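Topology and contacts: notes
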Amino acid sequence: MHEEVKHPCVQHKLALIRNEDTGHKKFRELATEITMFLCYEALKNVRLKKIEVQTPVAKAQCHVIDEDIVVVPILRAGVGMLDGILGLIPTARVGFVGMYRDEKTKEPVSYYHRLPPQTDGGVCIVIDPMLATGGSTVATLDLLKDKGATTIIVVCIVTCPEGLKKVEQAHPDVVVYTAAIDAHLNERKYIVPGLGDAGDRLFGTS
Ligand code: PRP
Ligand code: URA
C-alpha cells in the first residue's frame, strides 16, 4: 500500500529540493520541512488515548498519542529526515540501520544497526529520502520484523514504480508515504527525474 501526498505545500517544496541549483544547506532545510508534512500524514491513524485537561475555564476531554514510536533512519541519507519527524514527535525513540547500495550490483549492504527494545511493541517509522530499487527498504523491513516489529510505516521523499512494487510484494502490510512517485529508474538505478544522490546533496559530499 502507498500514498502519494499531493498537498500544494509538499509539491512546492519538492520542486525546490529537486532543483540541481539547491545547495546542501537549503536541501537539508527542505528535507526537514517535507518530512514534517509527510509524517503528519503518515501518523494520521496512530492510536490515541483520552485524557482530561484542566483549562483556565473548565475541564476539557482531550486526546494524546498512546503508542511507542520508534523512528528508524536508514544511514546515511535517512538522517536528513530525522529533525523533521522529531519536530513532530519529540518523544520518539530512534533506531539506526546502516545500509548502502553496492556500486556494481546495486544490492543493499548492511553494515550497522542499533535499535531500541521498544521496536517490537511500538510503531516503527522507517525514513529514507529515496526508495529506488527498494532493496535498502526491503532489507530494513526484513531486519525490523526479525527484531519483532509488527506495525511499520515507510516515509520517503521520492520513489518510483519499480521500488514500490518490490516493497509491496515483500511487505504488503507496510504503508509507504511519499511526496512523489517518479517515472522510472535509469541504467544506474537512479530515480528519474528524482533529485540525484540524496546523501551527497544532504551532506555536501559530491
Ligand atoms: C541511497 C538512499 C537509499 C538507497 C535507495 O543510499 O538513501 O538508502 O540509496 O536505493 P535502493 O532503493 O535501490 O536500495 P546510498 O546507498 O546512496 O547510501 P548513503 O545514504 O550512505 O548515501
Ligand atoms: N539513491 C539516491 O540517493 N538517489 C537515487 O535516485 C537512487 C538511489
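Description of the structure in this document.

Criteria and cut-off values
Residues numbered from 1 in each chain as written. Chains lettered and ligands numbered in written order. Predicted model: local features only at pLDDT ≥ 70, side-chain atom pairs only at ≥ 80, totals over all residues. Heavy atoms only, no water. Buried < 20%, exposed > 50% of the residue type's maximum accessible area, 1.4 Å probe, protein only. Helix = DSSP H or I, 4+ residues; strand = E, 2+ residues; numbered from the N terminus. Arc of directions from axis to C-beta. Contact = heavy atoms within 4.5 Å. Phe/Tyr/Trp six-rings, centres within 6.5 Å; stacked < 30°, edge-to-face > 60°. 1 Å grid on protein atoms, 1.4 Å probe; cavity = no way out; pocket = protein on both sides within 12 Å on 5 of 7 lines; lining within 4 Å. Points joined across faces, edges and corners; volume = space filled by probe spheres on them. Nonpolar A, V, L, I, M, F, W, Y, C, P; charged D, E, K, R; others polar. Near = heavy atom within 4 Å. Polar contact = N/O pair within 3.5 Å; in protein donor to acceptor, adjacent residues only side chain to side chain. Areas by Shrake-Rupley, 256 points an atom, 1.4 Å probe, with all protein chains shown as cover. Sits in = over half its atoms within 2 Å of the grid points.

Moving on, we get to helix α5 (residues 161-170). Listed in full, the buried residues belonging to α5 are G163, L164 and V167. Burial along α5 is one-sided: seen end-on, the buried residues are contained in an arc of 100°. Turned more than 90 degrees from where α5 packs its buried face, K165 and Q169 sit exposed. Those residues of α5 that are buried are in contact with β1 (2-4), β9 (130-131), α4 (135-146), β10 (151-159) and β11 (175-181).

Aromatic rings in a pair are described by how distant their centres are and how their planes are angled relative to each other. Throughout the structure, instances matching the rule amount to one aromatic pair. Arranged with centres 5.9 Å apart and planes meeting at 40°, the rings of Y100 and Y111 form a pair that is tilted. Of the two residues, Y100 sits in strand β6 (residues 96-101) while Y111 sits in strand β7 (residues 108-114), which places them 11 residues apart along the sequence. Its relative accessible area of 43% is what places Y100 among the partly exposed residues.

Approximately 730 Å³ is the volume attributed to the largest pocket. If you trace the largest pocket, you find 31 residues lining it, with Y100, R101, Y190, D197 and G199 closest to the centre. Within the residue set of the lining of the largest pocket, elements represented by two or more residues are β4 (69-75), β6, β9, α4 and α6 (198-203). Of the residues assigned to the lining of the largest pocket, the class counts are 12 nonpolar, nine polar and 10 charged. Reported here for the second largest pocket is a volume of approximately 210 Å³. In terms of lining residues, the second largest pocket is bounded by 15 residues, among which A42, N45, T151, I153 and V175 are the most central.

What follows deals with the site of ligand 1. Surrounding ligand 1, one finds 14 residues, the nearest of these being R101, D128, A132, T133 and S136. A distance of 3.0 Å is found between an oxygen atom of ligand 1 and a side-chain nitrogen or oxygen belonging to R76. In this structure, an oxygen atom belonging to ligand 1 sits 2.5 Å away from a side-chain N or O atom of T133. Protein contacts shield 90% of the accessible area of ligand 1, which totals 490 Å² for the unbound molecule. Taking a 2 Å distance to the grid points as the criterion, the majority of the atoms of ligand 1 fall inside the largest pocket. When contributions to the shell around ligand 1 are tallied by element, the ones reaching two or more residues are β6, β9 and α4. Counted by class, the shell around ligand 1 contains six nonpolar, five polar and three charged residues.

Between L75 and the following residue, R76, the backbone shows a cis peptide bond with an omega angle of 5°. Of note, R76 is situated in the loop between β4 and α3 (82-88). Look at the link from V192 to P193: it is a cis peptide, with omega at 0°. Structurally, P193 is set in the loop between β13 (191-192) and α6. The phi dihedral of K106 falls on the positive side, at around 65°, and the residue is not glycine.

So, on to the site of ligand 2. Neighbouring ligand 2 are R101, M130, A132, K189, Y190, I191, G196, D197 and A198. In this structure, a nitrogen atom belonging to ligand 2 sits 2.8 Å away from a main-chain N or O atom of G196. Taking 240 Å² as the accessible area of ligand 2 by itself, protein coverage stands at 88%. Spatially, ligand 2 is embedded in the largest pocket. Tallied by class, the residues present in the shell around ligand 2 amount to five nonpolar, one polar and three charged.

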